[in-house]
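One-letter residues, chain by chain:
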Amino acid sequence: MASFLFKSTIIHTFLLYVMFSSDLGYPPPFVSTLGINYGQVGNNLPPPEKVLQLFSALKITKTRIYDTNPEILKSFAQSGIEIIVTVENEMMGVVINPQQAVQWVTTHIKPYFPASRITGIAVGNEIFTMNDATLIGNVVPAMVSIHQALVQLGLDSYIQVSTANSLAVLANSYPPSAGSFRQDLMGVMSQLLQFLNATRSPFWINAYPYFAYKDDPNRIPLDYVLFNPNSGMVDPYTKLHYDNMLYAQVDAVIFAAYRMGFGGVEVRVSETGWPSKGDSNEVGATIANAEIYNKNLLRRQLTNEGTPLRPNQRLEVYLFALFNEDMKPGPTSERNYGLYEPDLTMTYNVGLSSLSSTTTAASISLTSSAGEVRH
Ligand SMILES: *[C@@H]1O[C@H](CO)[C@@H](O)[C@H](O)[C@H]1NC(C)=O
């Protein structure tokens, strides 16, 4: 909590950084590390133009979509918003063919780039934990083909290729220093990490402390998963102190990669969130908890911090999700991860709009003195 007292100082420093590091021609990002996943599994979602207005109002400059929806890619042109798109799981078997991959990039990326600032392609979502050996075996070859297609079309220096993993790729995640991949996935994880290392692309993890809490609410302290003040835990091997589960999960992934010889690959959180509603057996899925989790995470994000293992490498996080999605199958929680309702009202007030107006004010007040403060 103490660090939050210094919030305004940190925001100022942070803004100076983003002002001088942002690419020319795009508006400077404010809550720059934070992205929001824009899922579209709903029959009542607002049109992309409205969604763009929401992003602009919130000063959120990064998003990830689960396809290459042309309406979204068209609407987000010239907005400066960074977009990660997805090669759908059903396409793995097609895009492993190099010619089909060129075709895919030519059809789904090229017409929209660079007007729409596509910065990443997720080749599949959570495939490694899907129990389909053929699909699993196709992921890395599909990534290689898509990357080769980007090289051929001159886009590889702008667009990173990776895949989003569920935390279930790990066999161990506690303590973080014991992090390791599942034995049956060692082969594909090694190929994946080799590709990511060679192309300097991030390992994306979808990490939900909520699941751990829901499965074992009597043993897992709620404050630890919600980023509330708590005594936390000390990793007995590294002696690092963890005050929240998300950072512990990320460091477990870093350790798992390190065990395979790839300690240098950056780990980013491609999804995290908390449902505001659930079935009676979904312990902890409440509006109050969802609000606290996302609000606390947002505050930590504003300080630009890393995890205990990589304190100087800011952790990139994409919240899940922008909207409640009424067509999602599964338990009630699945349809209730949204920060917003489809009618654009807030599910709860996570504080994004007030944070973005604070940072706007800070940036304006800094403009005149920015030159002196820059080192
Ligand atoms: C990771 O990439 C670097 C730079 O290309 C290379 O020097 C290194 O050998 C790679 N690491 C592994 C384990 O392949």
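In what follows, the structure referred to is the one given above.
Everything numeric in this text was worked out from a predicted model, so none of it was measured.

Parameters and conventions
Residues numbered from 1 in each chain as written. Predicted model: local features only at pLDDT ≥ 70, side-chain atom pairs only at ≥ 80, totals over all residues. Heavy atoms only, no water. Salt bridge = Lys/Arg side-chain N within 4 Å of Asp/Glu carboxyl O. Helix = DSSP H or I, 4+ residues; strand = E, 2+ residues; numbered from the N terminus. Buried < 20%, exposed > 50% of the residue type's maximum accessible area, 1.4 Å probe, protein only. Pairing = 2+ DSSP bridges. Axes fitted to C-alpha atoms, helices over the stretch in contact; angles between N-to-C directions. 1 Å grid on protein atoms, 1.4 Å probe; cavity = no way out; pocket = protein on both sides within 12 Å on 5 of 7 lines; lining within 4 Å. Points joined across faces, edges and corners; volume = space filled by probe spheres on them. Nonpolar A, V, L, I, M, F, W, Y, C, P; charged D, E, K, R; others polar. Contact = heavy atoms within 4.5 Å. Polar contact = N/O pair within 3.5 Å; in protein donor to acceptor, adjacent residues only side chain to side chain. Arc of directions from axis to C-beta.

(A) Structural view of the pattern of salt bridges. Taken as a whole and judged by the stated rule, the model has 13 salt bridges. Arg 64 is the salt-bridge partner of Glu 271, the closest N and O atoms lying 3.2 Å from each other. Separated by 207 residues along the polypeptide, Glu 271 in strand S11 (residues 267-272) and Arg 64 in strand S2 (residues 62-64) bring together distant segments of the chain. Classification of Glu 271 as buried rests on a relative accessible area of 5%. On the basis of relative accessibility, which here comes to 1%, the residue Arg 64 falls in the buried class. We note a salt bridge from Lys 74 to Glu 71, for which the minimum N-O separation is 3.8 Å. Placement of the pair is Lys 74 and Glu 71 together in helix H4 (residues 70-75), with a separation of 3 residues, close to one helical turn. In this structure, a network of salt bridges that share partners links the residues Lys 62, Glu 266, Arg 268, Arg 314 and Glu 316.

(B) Here's a closer look at the sheet that holds strand S5 (residues 160-166). Taken in spatial order, the 8 strands of this closed barrel run S1-S2-S3-S4-S5-S8-S11-S12, and their pairing is parallel. Neighbour-to-neighbour, the strand axes of this sheet turn through a mean angle of 25°, independent of strand direction. Summarising the sheet, S2 and strand S3 (residues 82-87) pair through 3 bridges and their orientation is parallel. Residue pairing in the sheet places Lys 62 in a bridge with Glu 82 of S3.

(C) Seen up close, the layout of surface pockets. Considered as a void within the structure, the second largest pocket measures approximately 650 Å³ in volume. Around the second largest pocket, the lining is made up of 27 residues, and of these Tyr 66, Asn 125, Glu 126, Glu 271 and Lys 328 lie nearest the centre. Looking at the lining of the second largest pocket, its residues break down into 11 nonpolar, 9 polar and 7 charged.

(D) Seen up close, the environment of Tyr 293. Residue position: Tyr 293 is located in helix H12 (residues 287-302). Among the residues examined, Tyr 293 registers a relative accessible area of 0% and is labelled buried. Non-local contacts of Tyr 293, meaning those with residues more than four positions away in its chain, are made with Pro 209, Val 225, Leu 226, Phe 227, Leu 246, Thr 272, Gly 273 and Trp 274. A distance of 2.7 Å separates a polar atom in the side chain of Tyr 293 from a polar atom in the side chain of Thr 272.

(E) Focus on the side chain of Asn 206. Within the fold, Asn 206 resides in strand S8 (residues 203-206). A polar contact is formed between the side chain of Asn 206 and the side chain of Glu 126, at a distance of 2.8 Å. Among the polar contacts made by the side chain of Asn 206, one reaches the main-chain amide nitrogen of Glu 271 at a distance of 3.4 Å. Leave out the neighbours within four places in its chain, and Asn 206 touches Arg 64, Asn 125, Glu 126, Ala 164, Asn 165, Ser 166, Leu 167, Ser 270 and Glu 271.

(F) Local environment of the pairing of strand S4 (residues 117-125). Of all 9 residues that make up S4, 9 are buried, and the element is covered over most of its length. As paired elements, S3 and S4 share 6 bridges and run parallel to each other. Bridge pairing in S4 links Ile 84 to Gly 120. Relative to S5, S4 runs parallel, the two sharing 4 bridges. Residue pairing in the sheet places Gly 120 in a bridge with Gln 160 of S5.

(G) Fine view of the side chain of Ser 180. Note on placement: Ser 180 falls in strand S7 (residues 180-181). The buried category is assigned to Ser 180, whose relative accessible area is 13%. Every residue in contact with Ser 180, bar those within four places of it in the chain, is listed here: Val 169, Leu 170, Ala 171, Asn 172, Ala 256 and Arg 259.

(H) Expanded view of helix H6 (residues 98-108). Listed as buried for H6 are Ala 101, Val 102, Trp 104 and Val 105. Down the axis, H6 shows its buried residues gathered within 160° of arc, on one side only. Buried residues along H6 sit in contact with S3, helix H5 (92-95), S4 and helix H7 (133-152). For H6, the capping residue at the N-terminal end is Asn 97, with a side-chain oxygen 2.7 Å from the backbone nitrogen of Gln 99.

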